[in-house]
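The primary structure of each chain is shown beneath.
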Amino acid sequence: MRRLKRRTVETDRTRWLDRAEVAELLGREGIALRERTLWRLLYESAARTSEVLGLDVEAESSEPEGPGPPEGQQGGRAGRTGNSTRC
């Protein structure tokens, strides 16, 4: 009987950055706005790089925001009717 050889698993040497390190990276001089924007989006959204780079920003920004509130409701608590001025 032939034995299978176990695969070796490489140790992950990446580490997380604390807030001060992230702030320092995003505040560095000489880094293009595009790069800082990409870094901030990756950091704040926790999205994968491939997902962010695959975004079509022009298509997203040209679409309407969607319908407003249903007729008769303009915000505030749902189901509220009348002309009450109390908060």
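This structure is a prediction, so every number in the text was calculated from the model and none was measured.

The rules behind these values
All residue numbers refer to positions counted from 1 along the written sequence of the respective chain. Reporting in this predicted model follows two pLDDT cut-offs: at least 70 for local features of residues, and 80 or more for side-chain atom pairs to be given and counted; totals over whole chains, interfaces and linings ignore these cut-offs and use all residues. Excluded from the side-chain calculations are hydrogens and water; all other atoms, namely the structure's heavy atoms, are used. The numbering of helices and of strands both runs from the N terminus, where a helix is a DSSP run of H or I of at least 4 residues and a strand a run of E of at least 2. The Shrake-Rupley method, run with a 1.4 Å probe sphere, supplies the accessible areas, and residue values consider only the shown protein chains as cover. A fitted line through C-alpha atoms represents every axis, and for helices the fit uses only the stretch in contact; the resulting angles, taken between N-to-C directions, go from 0 to 180 degrees. An angle counts as roughly parallel when it lies under 35 degrees, as roughly antiparallel when it exceeds 145, as roughly perpendicular when it falls between 65 and 115, and as oblique in every other case. Here a residue-residue contact requires only that any non-hydrogen atoms of the pair lie within 4.5 Å. Whenever a nitrogen or oxygen atom comes within 3.5 Å of another N or O atom, the pair is scored as a polar contact, on the condition that within protein one atom can donate a hydrogen and the other can accept it, and that pairs from neighbouring residues in sequence are kept only if both atoms are in side chains. Salt bridges are defined as contacts in which a side-chain nitrogen from Lys or Arg sits within 4 Å of a carboxyl oxygen from Asp or Glu. The rule is simple: take the accessible area with a 1.4 Å probe, protein chains only, and divide by the maximum for that residue type; under 20% is buried, over 50% is exposed, in between is partly exposed. Expected span, for any helix, means 1.5 Å times one less than how many residues it has.

Enquirer: Explanation requested: the overall build of the protein chain in the structure shown.
Expert: Within the protein chain, the regular secondary structure consists of four helices and zero strands. When the helices and strands of the protein chain are listed from N to C terminus, the series reads α-α-α-α. By element, 50% of the accessible surface of the protein chain is carried by carbon and sulfur atoms, the whole surface being about 9400 Å².

Enquirer: What should I look at first to understand the packing of helix H1 (residues 19-26) against helix H2 (residues 33-45) in this one?
Expert: The packing of two helices is summarised by the inter-axis angle and the distance between the axes. H2 packs onto H1 with a crossing angle of 155 degrees between their chain directions and a minimal axis gap of 10 Å. The angle between H1 and H2 falls in the class roughly antiparallel. Together, Arg19, Val22, Leu25 and Leu26 of H1 and Arg36, Trp39, Arg40 and Tyr43 of H2 make up the contact between the two elements.

Enquirer: When you look at the environment of Arg15 in this model, what are you seeing that I'm missing?
Expert: With respect to the secondary-structure elements, Arg15 resides in the segment before H1. One polar contact links Arg15 to Glu21, side chain to side chain, over a distance of 2.9 Å.

Enquirer: Would you mind going over the pattern of salt bridges with me for this structure?
Expert: As a working rule, side chains carrying opposite charge can pair if their charged atoms are close by. A complete count under the given rule lists four salt bridges for this structure. One salt bridge in this structure joins Glu21 and Arg15, with 2.9 Å as the shortest N-O distance. Using a relative accessible area of 26% as the deciding quantity, one classes Glu21 as partly exposed. Here Arg15 falls in the exposed class, since its relative accessible area comes to 57%. For Glu51, the salt bridge identified is with Arg48, shortest N-O distance 2.9 Å. Judged by its relative accessible area of 57%, Arg48 falls in the exposed class.

Enquirer: What should I look at first to understand H2 in this one?
Expert: Given 3.6 residues per helical turn, the α-helix brings residues three or four places apart onto the same face. For H2, built from 13 residues, the straight-helix expectation of 18 Å at 1.5 Å per residue is met to within 8% by its first-to-last C-alpha distance of 18 Å. Ala46, located one to two residues past H2, shows a positive phi value of around 60 degrees.

Enquirer: Is there a simple way to explain unusual backbone geometry in this structure?
Expert: Leaving glycine out, the prevailing phi sign among residues is negative, and the prevailing peptide bond configuration is trans. With a phi angle near 60 degrees, Ala46 is a residue other than glycine that sits in the positive phi range. Within the fold, Ala46 resides in the loop between H2 and helix H3 (49-53).

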